[in-house]
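# Architecture and fold: a report
Given next are the chains, with one letter for each unit.
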Amino acid sequence: MGWKCISWPKIIKGSSVKDLKVGSWVIPTAEDGTWRTYGVYSEEKLLKIDETLPLVSAATIYVNPCTAYRMLKDFEDLQEGSCVIQNGANSAVGQAVIQIAKHFKINTINVIRDRPNVESLKSYLTSLGATHVVVENELRNPLMADILKAFKCSAKLCRGKSAAELMRHMMDSELLLPMVPCQNSNDFMEV
């Protein structure tokens, strides 16, 4: 079905349409998903989006922040000062986890893959509110166990190869939330 999209009405018919015009940025909220080239919707089935947002942010706003919020709030009673560790921290959901956790004063340890611009990415995630940002291979460092124990991480949001490394550091009382890989946010549709 898919939900990551931004759409632009091409034709508007009917005098009851008040807040939309041809070219407005919208997200269809109908239950049939968004993976389509064209669709016909009533105005109440379209959520108007601020056109000053970056396009990728606008296309993912209906899904990623909600997913991050639910992962932080639905599975564990995370309080101020709690800690979560996540890999894929630079994904759209990962960035939302960082920002929402910062708002609730929850510490985050964020795992990313090594890359040529890794220091720039670490700085960016820290600017969003990340408590710590580490590269996958740093998980194998014995000091990582001490860092995790100091923060008493209560939930780990994991997927992929580094999930096994994270599980080595888990305590019996900790929760592992498996995540599915993110869809490609570069795919958009027109309505």
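Here the structure is shown first, and the text comes after it.
None of the values given here were measured: they were computed from a predicted structure.

Next up on the list: helix H3 (residues 92-103). Three or four residues apart is the spacing at which side chains of an α-helix point the same way, because the helix has 3.6 residues per turn. An ideal rise of 1.5 Å per residue puts 16 Å on 12 residues; H3 measures up with 17 Å between its terminal C-alpha atoms. Residues Val93, Gly94, Gln95, Ala96, Val97, Ile98, Ile100 and Ala101 constitute the buried set of H3. Looking one or two residues past H3, Lys105 carries a phi angle of roughly 60°, positive in sign.

Before going further, it helps to examine the packing of aromatic side chains. Applying the stated criterion across every chain yields a total of one aromatic pair. Aromatic pair Tyr69 and Phe104: ring centres 6.2 Å apart, planes at 50°, arrangement tilted. Taken together, the residues Tyr69 in helix H2 (residues 64-73) and Phe104 in the loop between H3 and strand E4 (107-112) connect sequence positions 35 residues apart. Overall, Tyr69 belongs to the partly exposed group, its relative accessible area being 39%.

Before going further, it helps to spend a moment on the nonpolar core. Nonpolar side chains in soluble globular proteins tend to be buried together. Ala68, Met71, Leu72, Leu78, Val84, Val93, Ala96, Val97, Ile100, Ala101 and Ile106 together form the largest nonpolar core, which totals 11 residues. Of all the secondary-structure elements, those providing two or more residues to this core are H2 and H3. The greatest single-element share of this core, amounting to five residues, is contributed by H3. Residues Val118, Leu121, Val133 and Val135 belong to the second largest nonpolar core, which totals 10 residues.

Attention now goes to the pairing of strand E5 (residues 132-135). Relative to E5, E4 runs parallel, the two sharing four bridges. Residue pairing for E5: Asn110 is matched across the bridge by Val133. For the crossover from E4 across helix H4 (residues 118-128) to E5, the handedness is right-handed.

A word on H4. Of the positions making up H4, those classed as buried are Val118, Leu121, Lys122, Leu125 and Leu128. Seen along its axis, H4 keeps its buried residues to an arc of 120°; they face one direction. In H4, the exposed positions angled more than 90 degrees off the buried face are occupied by Glu119, Ser123 and Ser127. For H4, the secondary structure elements touched by its buried residues are H3, E4 and E5. Looking one or two residues beyond H4, the residue adopting positive phi is Gly129, at roughly 125°.

Look at H3 against H4: their axes get within 8 Å of each other, and the N-to-C directions meet at 40°. Counting all contacts with H3, which are made through Gln95, Ile98, Gln99 and Lys102, the residues of H4 involved are Tyr124, Leu125 and Leu128.

Turning to its location among the elements, Ser91 is positioned in the loop between strand E3 (83-87) and H3. Take Ser91: its relative accessible area is 13%, and that puts it in the buried class. Among the polar contacts made by the side chain of Ser91, one reaches the main-chain carbonyl oxygen of Gly88 at a distance of 2.8 Å.

The rules behind the values
- Residues numbered from 1 in each chain as written.
- Predicted model: local features only at pLDDT ≥ 70, side-chain atom pairs only at ≥ 80, totals over all residues.
- Heavy atoms only, no water.
- Helix = DSSP H or I, 4+ residues; strand = E, 2+ residues; numbered from the N terminus.
- Expected span 1.5 Å × (residues − 1).
- Buried < 20%, exposed > 50% of the residue type's maximum accessible area, 1.4 Å probe, protein only.
- Phe/Tyr/Trp six-rings, centres within 6.5 Å; stacked < 30°, edge-to-face > 60°.
- Core = buried A, V, L, I, M, F, W, Y, C linked by side-chain atoms within 4.5 Å.
- Pairing = 2+ DSSP bridges.
- Right-handed = clockwise from strand over helix to strand, strands pointing away.
- Arc of directions from axis to C-beta.
- Contact = heavy atoms within 4.5 Å.
- Axes fitted to C-alpha atoms, helices over the stretch in contact; angles between N-to-C directions.
- Polar contact = N/O pair within 3.5 Å; in protein donor to acceptor, adjacent residues only side chain to side chain.

Keep in mind these values describe shape, not function.
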